[in-house]
Structure formats: structure tokens, C-alpha cells
Amino acid sequence: RAMSTPQNDPTGGHVDLSQLSWEQLQQVHASLQQEIQNITQSYGGLRLAVGRFKSSEENLTHFNKDNKDREIFVPLTSSLYIPGKLGDIKKVIVEIGDKFFVEKEIDEAKEFLKRKIDYLSKRIEEVGAILSRKNQDIQIVNMVRQQKAQEALRRQSAK
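Residues numbered from 1 in each chain as written. Predicted model: local features only at pLDDT ≥ 70, side-chain atom pairs only at ≥ 80, totals over all residues. Heavy atoms only, no water.

(A) Local environment of the overall build of the protein chain. Counting secondary structure elements, the protein chain contains 2 helices and 6 strands. Its C-alpha atoms give the protein chain principal-axis dimensions of about 85 × 35 × 25 Å. Approximately 11,800 Å² of the protein chain is accessible, and the part contributed by carbon and sulfur atoms is 52%. Positive and negative side-chain charges of the protein chain, numbering 25 and 22 respectively, have mean locations separated by a distance of 4 Å. (Helix = DSSP H or I, 4+ residues; strand = E, 2+ residues; numbered from the N terminus. Areas by Shrake-Rupley, 256 points an atom, 1.4 Å probe, with all protein chains shown as cover. Lys, Arg positive; Asp, Glu negative; His and termini not counted. Charge placed at Lys NZ, Arg CZ, Asp CG, Glu CD.)

Here it is in C-alpha cells:
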């Protein structure tokens, strides 16, 4: 459900924040903060994945006859490498899923990586839009919280 005032939403699909108690507003705020944190983590993970795929795509440009039999370091982990030679310059092994690997021709691997990058880039746009909406929602909640706090101060000072 989105945040609004009743005047902005004749359909009734939004929460009228002005009708919520201070405690309910606090709960909505805390919930939105948690959602924003989770979405931000997802957004960061997607960006990291795109970076890895782009790096892989770029590394495929080194598979040419000039580099055949060239000595390289082969990563075993992110910080452990062994020496090796670039033997087959026409095929690579690509991880296509969770620890599932397939041998592909260089052009097929490039196309696979391009599709992954395009898909993840679209997801980044979608998640970014959701994050933007959630940030707008939390701003609205903060404004209503501020208004309620000012009203409470006015009532208190009027006593």
C-alpha cells in the first residue's frame, strides 16, 4: 500500500497517515526503514553481479591467437592463484547457474554474458525505482510524524 492523504486517493488503496497514531507511524517508519535497507542490499548485490559479468565479458577479448600458450594465473579463490597456460582460445567454461558449468564457444559466452548483463541491468532499474518510491514514502511518513509532534507541542503549550 502506498502512502497518501485521503484527498490524493479517491480509490481507497492508500493508507491515510494522518489517521494513524504516533505509535502506528513509528511502526510504519521502522518497517519502511527495514524495507529500504533490504532493497538497498539487493540493489548493491545486483550491481556487483553486473560488474562481475562485465569483467568476464571484457576478459573474453583476450582469447585470441596472439595469447595462445601465454602464461597466466588461474584463480582458485578470490585470493589464491596457480600458474597456467592459455591453451584453448576457442572455448571457455561458463557458470550458467548455481555451480552449473557449460563449455561454450567464445562468441556464445559473450552472448550469454550480454544477456545476463542486460537482464540484471533491467532489474537494477526496477529495484532502483522501488527504492525511490520507498524513500518518498518514508519522507511522507517523516513529514506526518513532524506534523503530529508539532500538534502535540501546541496542545501541550495551550494547557
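Continuing now.
(B) Representation of the environment of Lys 90 within the structure. With respect to the secondary-structure elements, Lys 90 resides in the loop between strand S4 (81-85) and strand S5 (91-97). Considered as a pair, Lys 90 and Ser 79 are 11 residues apart in the sequence and their alpha carbons are 27 Å apart. Not counting residues within four places of it along the chain, the set of residues in contact with Lys 90 comprises Lys 104, Glu 105 and Ile 106. (Contact = heavy atoms within 4.5 Å.)

(C) Main features of the layout of surface pockets. A volume near 1,200 Å³ is recorded for the largest pocket. Lining the largest pocket we find 30 residues, and of these Ser 56, Asn 59, Pro 75, Val 92 and Ile 93 sit closest to its centre. The greatest single-element share of the lining of the largest pocket, amounting to 7 residues, is contributed by S5. Class assignment of the residues belonging to the lining of the largest pocket gives a composition of 15 nonpolar, 7 polar and 8 charged. (1 Å grid on protein atoms, 1.4 Å probe; cavity = no way out; pocket = protein on both sides within 12 Å on 5 of 7 lines; lining within 4 Å. Points joined across faces, edges and corners; volume = space filled by probe spheres on them. Nonpolar A, V, L, I, M, F, W, Y, C, P; charged D, E, K, R; others polar.)

(D) A look at unusual backbone geometry. Phi at Asp 69 is positive, roughly 65°, even though this residue is not glycine. Structurally, the position occupied by Asp 69 is in the loop between helix H1 (22-59) and strand S3 (71-75). Although it is not a glycine, Lys 99 adopts a positive phi angle of roughly 65°. Within the element layout of this structure, Lys 99 appears in the loop between S5 and strand S6 (100-105).

(E) Quick look at a nonpolar patch on the surface. On the surface, a nonpolar cluster with roughly 320 Å² of combined accessible area is contributed by Val 74, Leu 76, Leu 80 and Ile 82. Examined against the element boundaries, Leu 80 turns out to sit in the loop between S3 and S4. Leu 80 gets classed as partly exposed once you look at its relative accessible area, which sits at 46%. (Patch = residues over 30% accessible without salt bridge, like charges linked within 9 Å, V, L, I, M, F, W, Y side chains within 5 Å. Salt bridge = Lys/Arg side-chain N within 4 Å of Asp/Glu carboxyl O. Buried < 20%, exposed > 50% of the residue type's maximum accessible area, 1.4 Å probe, protein only.)

(F) A look at the packing of H1 against helix H2 (residues 106-158). Here H1 crosses H2 at 160°, and the two axes come no closer than 8 Å. Accordingly, the angle class assigned to the pair H1 and H2 is roughly antiparallel. Crossing of H1 against H2: the hand is left-handed. For the contact of H1 with H2, the class distribution of residues is 22 nonpolar, 9 polar and 12 charged. (Axes fitted to C-alpha atoms, helices over the stretch in contact; angles between N-to-C directions. Parallel < 35°, antiparallel > 145°, perpendicular 65-115°, else oblique. Left-handed = near helix turned anticlockwise from the far one by under 90°.)

(G) A look at a negative patch on the surface. The grouping of Asp 88, Glu 105, Asp 107 and Glu 108 at the surface amounts to a negative patch. Locating Glu 108 in the fold gives a position in helix H2.

(H) The arrangement of the nonpolar core in detail. Among the nonpolar cores identified, the biggest contains 27 residues, and Leu 17, Leu 20, Leu 25, Leu 60, Val 92, Leu 120 and Val 141 are the most heavily contacted of them. When residues of this core are assigned to their parent elements, the largest contribution, 12 residues, is made by H2. For Leu 25, the residues in contact, after removing those within four places along its chain, are Leu 17, Leu 20, Val 141, Val 144, Arg 145 and Lys 148. (Core = buried A, V, L, I, M, F, W, Y, C linked by side-chain atoms within 4.5 Å.)

(I) A look at the pairing of S6. Summarising the sheet, S5 and S6 pair through 6 bridges and their orientation is antiparallel. Paired with Val 92 across the bridge in S6 is Lys 104. Turn length for the S5-S6 hairpin, with the two strands adjacent in sequence and antiparallel, is 2 residues, and the turn residue Lys 99 shows positive phi of about 65°. (Pairing = 2+ DSSP bridges.)

No statement about biological role is implied by the geometric values presented.
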